[in-house]
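# Structural overview
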Amino acid sequence: MLNGFVDWPAKFTARYRELGYWRSETLGQLLRTQAWATPTQVALVDGERRWTYRELDEHADCLAAGLRALGIERQQRILVHLPNIAEFLPLCFALFRIGAIPVLALPAHRESEIVDLAHISESVAYVIADTHLGFDYRTLARSVCEKAANLQHVVVVGDAQEFVSLTDIEARAVEAPANEMAEPDPHEVALLLLSGGTTGSPKLIPRTHDDYVYNVRASAAAAALDRATRYLVSLPIAHNFALGCPGALGTLYAGGTVVFCGDPSPDTAFPLIEKEKITVTALIPPLVLLWLEATEWTTEDLSSLQWLQAGGARLKAETAARIEPVLGCRLQQVYGMAEGLLNFTGLDDPDDLVVNTQGRPLAADDEVRIVDRDDTEVNEGEIGELQVRGPYTIRGYYRAEEYNRQAFTADGFYRTGDLVRRLPSGHFVVEGRSKDVINRGGDKVPVEEVENHLLAHPAVRDVAMVGVPDETLGERSCACIIASGAAPTLAELNAYLGGLGLAAFKLPDRLVVLDHFPTTRLGKVNKQALAEHVGSVSLELPT
Ligand code: OOB
């Protein structure tokens, strides 16, 4: 068992197996099963390139053998930093089959995040694309390698320059015959996802084959995916939503076709929907808005689209109500988290629930409770923090013993930090948040991490970041600072943060310079009061 993984207590393991949630199937077998069932069906489409299920399966085996020849072993961590390109899937399946563990970084991550992830995961290899949307990952890899000595290999999809290419790795397959490979134990960690919801240093989420195969299988059923499904990967595939809820893996589980979309702009996505006859995709709320607006001037035929899933942040009811009339497809709201719990609105739910709620839990054994500050359950219908445990919700972050003591209750419930209310139907309405994270339209800004970086700036004496309401993103980030000497400008601070290698979505959208911060009775910065204050003053940038 991977060191630093918090297992479910034996009694729960037995229960989840007995009830058929965990069927001792690995993610590698999921593909194998489909490759036997529908070998000639097209599994992946990326531009003009296509792979059938049999080709994808063989490609994954070949890569697995090549990676083993490179020295990659069971349970070793591999930092995967790929945009939406087809190679992501054969690579991940190869790792699943070896029993090596992909650590899924987001395309927006830069040096600061990647170095942190490399350290926490002690990854032995870093997999990148050559370039994507004008960004050269190889330049990034050079500076990352200087800071993360544990990375022994950089593997590049495309032009590898001084590194090793994915094609070179496949060529090594002959050195390590695939038949020597034993299937990994389904109860072992299969992948490490990134948490969107924590403060301080990034946290990794260990998902086992058992629990993630269930996650994929049950979400594919909740979205009624089948062989006719043509799923467009619009959001980053490294994100849980597009990967397994049901996403690309759910589509493969159902025998459908996964179509890659390099970026989610209507300019790129709409022609693909028309050309590839896309039936379903998943978006975050700001993209839903953008797609709705774009229909006013675009001419593509989107009539193949049957379902649009929206999640990652609260979708406004007015926006939700426009989807069917404007895009001509049904909406499914998805309220999920990389830590596990997923909620879906039902495909047959009445419009009122689809438009106004964020869905209800996927599994009958998702134990949820809504509590007040003292962990006491609130009355039915009242707002409180959602806590959950269940067959696909983790019992602890990877190697984070101390943090886990506050993030989970003594009886193993995950404190989501989401403030929700439950309707008699069991559907949740997400009303707010108690954790210190800014949800920038689906991109989660870890406030403490950014504050720590800003505190290190010589012109910043103190800092507190808060979210301010925003029409498009739901909220934007505002850095409130007390200056040390002459106040810096937002542009100066953001150039500084960018220089440290922080992902662009973490840079504050606004800056407010203050003399002091409001405090709580305990002397801590009162972020609620600060957010209200910032919301009520003009947010003009200081000159
Ligand atoms: C998804 O996962 P994460 O891990 O990036 O973020 C989880 C957090 C939740 O705790 C909640 O605060 C927020 O994102 N969230 C939503 C939401 N979906 C997620 N808030 C309101 N309404 C929603 N529909 O974001 C994620 C993972 C799997 C599927 C979908 C989203």
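What you are looking at is a predicted structure, and each value in this text was computed from that prediction instead of being measured.

What follows covers the site of the ligand. As a matter of local geometry, the ligand sits amid 21 residues, with His-239, Val-334, Ala-338, Asp-418 and Lys-444 nearest to it. Arg-314 places a main-chain nitrogen or oxygen 3.4 Å from a nitrogen atom of the ligand. At 2.6 Å, a side-chain N or O of Asp-418 approaches an oxygen atom of the ligand. For the ligand, the protein covers 95% of the area, taking 600 Å² as the surface of the free molecule. Looking at the shell around the ligand, the elements with two or more residues in it are helix 9 (240-244) and strand 16 (330-337). A total of 4 residues in the shell around the ligand trace back to one element, the largest contributor, which is strand 16.

The strand order across the open sheet built from 9 strands is 2-1-13-12-14-15-16-17-18, with neighbouring strands paired in mixed fashion. Each edge of the open sheet is held by one strand with a lone partner, namely strand 2 (49-52) and strand 18 (360-361). As paired elements, strand 16 and strand 17 (residues 340-344) share 4 bridges and run antiparallel to each other. Bridge pairing in strand 17 links Val-334 to Phe-344. Sheet contacts for helix 12 (residues 285-294): strand 12 (230-233), strand 14 (280-283) and strand 15 (307-311); angle to strand 14, the most-contacted strand, approximately 120°.

It is worth spelling out unusual backbone geometry at this point. The linkage connecting Cys-245 with the following residue, Pro-246, adopts the cis geometry, with an omega of -5°. Mapped onto the secondary structure, Pro-246 falls in the loop between helix 9 and helix 10 (247-254). With a phi close to 50°, Lys-277 is a non-glycine residue in the positive phi region. Inspection of the secondary structure puts Lys-277 in the loop between helix 11 (266-276) and strand 14. In this structure, Asp-375 takes a positive phi of about 65° despite not being glycine.

What follows deals with the sheet that holds strand 25 (residues 460-470). Taken in spatial order, the 3 strands line up as 25-26-27 in an open sheet, and their pairing is mixed. Where the open sheet ends on each side, the last strands, each with one partner, are strand 25 and strand 27 (510-513). Within the sheet, the average angular offset between the axes of one strand and its neighbour, ignoring direction, is 25°. Here strand 26 (residues 474-483) pairs with strand 27 via 4 bridges, running parallel.

Further remarks concern the nonpolar core. Grouped together as the largest cluster of nonpolar side chains are 157 residues, with contacts concentrated most on Leu-44, Phe-88, Leu-89 and Tyr-126. Of all the elements, helix 4 (residues 88-98) adds the most residues to this core, at 9 residues. Counting only domains with at least three residues in this core, you end up with domain 1 (53-185) and domain 2 (365-433). Setting aside anything within four residues of it in sequence, one finds Phe-88 in contact with Val-80, Leu-82, Leu-104, Ile-237, Ala-238 and Leu-243. Counting 18 residues, the second-largest nonpolar core is a separate cluster that includes Ile-438, Val-450, Leu-497 and Leu-502.

On to helix 12. In terms of residue burial, helix 12 counts as a mostly covered element, since 8 of its 10 residues are buried. Looking at the buried residues of helix 12, the elements they touch are strand 12, helix 11, strand 14, strand 15 and helix 13 (317-327).

On to the domain arrangement of the protein, then. How big an interface is tends to be expressed through the accessible area that disappears when the partners come together. Here the protein is described as being made up of domain 1 (53-185), domain 2 (365-433) and domain 3 (437-534). With centres defined by C-alpha atoms, the gap from domain 1 to domain 3 works out at 35 Å. Between domain 1 and domain 3, roughly 490 Å² of surface is buried when both sides are summed, and carbon and sulfur atoms account for 52% of that area. The largest contributions to the domain 1 side of the interface with domain 3 come from Ala-108, Ser-112 and Glu-113, which together make up 67% of the buried area. The interface formed by domain 1 and domain 3 holds 1 salt bridge in total. The closest approach of N and O atoms between Lys-506 and Glu-113, which form a salt bridge, is 2.8 Å. For the pair domain 1 and domain 3, the interface holds 4 residue pairs in polar contact (both at pLDDT 80 or more). Taken together, the residues that form the side of domain 1 that touches domain 3 break down as 1 nonpolar, 2 polar and 3 charged.

Moving on, we get to the packing of aromatic side chains. Enumeration according to the criterion identifies 14 aromatic pairs in this entry. Ring geometry for Phe-270 against Trp-291: centres 5.3 Å apart, planes inclined by 90°, an arrangement best described as edge-to-face. Separated by 21 residues along the polypeptide, Phe-270 in helix 11 and Trp-291 in helix 12 bring together distant segments of the chain. For the residue pair Phe-270 and Trp-291, the accessibility class agrees, reading buried in each case. Every member of this aromatic cluster is reached through a ring pair, and the members are Phe-5, Trp-8, Phe-12, Tyr-16, Tyr-21, Trp-22, Tyr-214 and Tyr-392. Arg-110 extends its terminal NZ or CZ atom over the ring of Phe-135, reaching a point 3.6 Å from the ring centre.

The element strand 26 is extensively covered by neighbouring structure, given that 8 of its 10 residues are classed as buried. In this antiparallel pair of consecutive strands, strand 25 and strand 26, the connection spans 3 residues. Taking the sense of rotation as the criterion, the β-α-β connection linking strand 26, helix 17 (residues 490-499) and strand 27 turns out right-handed.

A few words now on the pairing of strand 12. As paired elements, strand 12 and strand 13 (residues 257-260) share 4 bridges and run parallel to each other. Opposite Tyr-231, over in strand 13, you have Val-258 as the bridge partner. Both strand 12 and strand 14 contribute to a ladder of 2 bridges, which runs parallel. Bridge pairing in strand 14 places Tyr-231 opposite Val-280.

Calculation rules
Residues numbered from 1 in each chain as written. Predicted model: local features only at pLDDT ≥ 70, side-chain atom pairs only at ≥ 80, totals over all residues. Heavy atoms only, no water. Near = heavy atom within 4 Å. Polar contact = N/O pair within 3.5 Å; in protein donor to acceptor, adjacent residues only side chain to side chain. Areas by Shrake-Rupley, 256 points an atom, 1.4 Å probe, with all protein chains shown as cover. Helix = DSSP H or I, 4+ residues; strand = E, 2+ residues; numbered from the N terminus. Pairing = 2+ DSSP bridges. Contact = heavy atoms within 4.5 Å. Axes fitted to C-alpha atoms, helices over the stretch in contact; angles between N-to-C directions. Core = buried A, V, L, I, M, F, W, Y, C linked by side-chain atoms within 4.5 Å. Buried < 20%, exposed > 50% of the residue type's maximum accessible area, 1.4 Å probe, protein only. Domains from an automatic or database assignment. Buried area = accessible area lost by both parts, 1.4 Å probe. Salt bridge = Lys/Arg side-chain N within 4 Å of Asp/Glu carboxyl O. Nonpolar A, V, L, I, M, F, W, Y, C, P; charged D, E, K, R; others polar. Phe/Tyr/Trp six-rings, centres within 6.5 Å; stacked < 30°, edge-to-face > 60°. Lys NZ or Arg CZ within 6 Å of the ring centre and 35° of its normal. Right-handed = clockwise from strand over helix to strand, strands pointing away.

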